[in-house]
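The primary structure of each chain is shown beneath.
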Amino acid sequence: MKVKLRLREDGPLVIDLPAGTRLRLNGEERVLERAKLALCRCGRSENKPFCDGAHKRAGFRAPAGELELDP
Ligand code: FES
């Protein structure tokens, strides 16, 4: 399965995943309700590793980009 990662301009790293994807974070399993997982890359989120929108208030600046993995 190909995994696509998008670096949003001035924002998070977004991973497109099928809804219902299971995620284990620090031993706690979660089921993703949405098909997108947004990970903080500005370092300001109060809910790391997830983006909580703090990059907007922080004035985070970074270029957009895209990665595609095919393991
Ligand atoms: S990238 Fe959104 S809070 Fe850090």
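Given the structure is predicted, the values throughout are model-derived calculations rather than measurements.

Two modes of strand pairing occur in sheets, parallel and antiparallel, and in both the strands are linked by backbone hydrogen bonds. One open sheet holds the four strands; their spatial order is 5-2-1-6, and the pairing between them is antiparallel. The open sheet has two edge strands with one neighbour each: strand 5 (36–39) and strand 6 (65–69). Neighbour-to-neighbour, the strand axes of the sheet open up by a mean angle of 20 degrees, direction not taken into account.

Right, let's get into the pattern of salt bridges. Overall, the coordinates contain six salt bridges when judged by the stated rule. For Arg-61, the salt bridge is made with Asp-10, and the minimal N-O distance between the two is 3.4 Å. Of the two residues, Arg-61 is situated in the loop between helix 1 (54–58) and strand 6 and Asp-10 in the loop between strand 1 (3–7) and strand 2 (13–16); the sequence distance between them amounts to 51 residues. Accessibility expressed as a relative area gives 64% for Arg-61, which makes it exposed. Of the charged contacts, one joins Asp-16 and Lys-36 as a salt bridge, the two residues approaching to 3.8 Å between their closest N and O atoms. Taken together, the residues Asp-16 in strand 2 and Lys-36 in strand 5 connect sequence positions 20 residues apart. In this structure Lys-36 comes out as partly exposed when scored by relative accessible area, which is 43%. Through salt bridges with shared partners, a single ionic network connects Arg-6, Asp-16 and Lys-36.

Relative to the helices and strands, Leu-32 resides in the loop between strand 4 (28–31) and strand 5. Separated by 27 residues in the primary sequence, Leu-32 and Gly-59 place their C-alpha atoms 28 Å from one another. Among all residues touching Leu-32, those that are not within four sequence positions of it are Leu-17, Ala-19, Gly-20, Thr-21, Leu-23 and Leu-37.

A separate point is the confidence of the model for the chain. This prediction gives the chain a mean pLDDT of 91; 100% of its residues lie at or above 70. For the chain, per-element mean pLDDT is lowest for strand 3 (residues 22–25), which scores 87, and highest for helix 1, which scores 98.

What counts, and at which threshold
Residues numbered from 1 in each chain as written. Predicted model: local features only at pLDDT ≥ 70, side-chain atom pairs only at ≥ 80, totals over all residues. Heavy atoms only, no water. Pairing = 2+ DSSP bridges. Helix = DSSP H or I, 4+ residues; strand = E, 2+ residues; numbered from the N terminus. Axes fitted to C-alpha atoms, helices over the stretch in contact; angles between N-to-C directions. Salt bridge = Lys/Arg side-chain N within 4 Å of Asp/Glu carboxyl O. Buried < 20%, exposed > 50% of the residue type's maximum accessible area, 1.4 Å probe, protein only. Contact = heavy atoms within 4.5 Å. pLDDT = per-residue confidence, 0-100.

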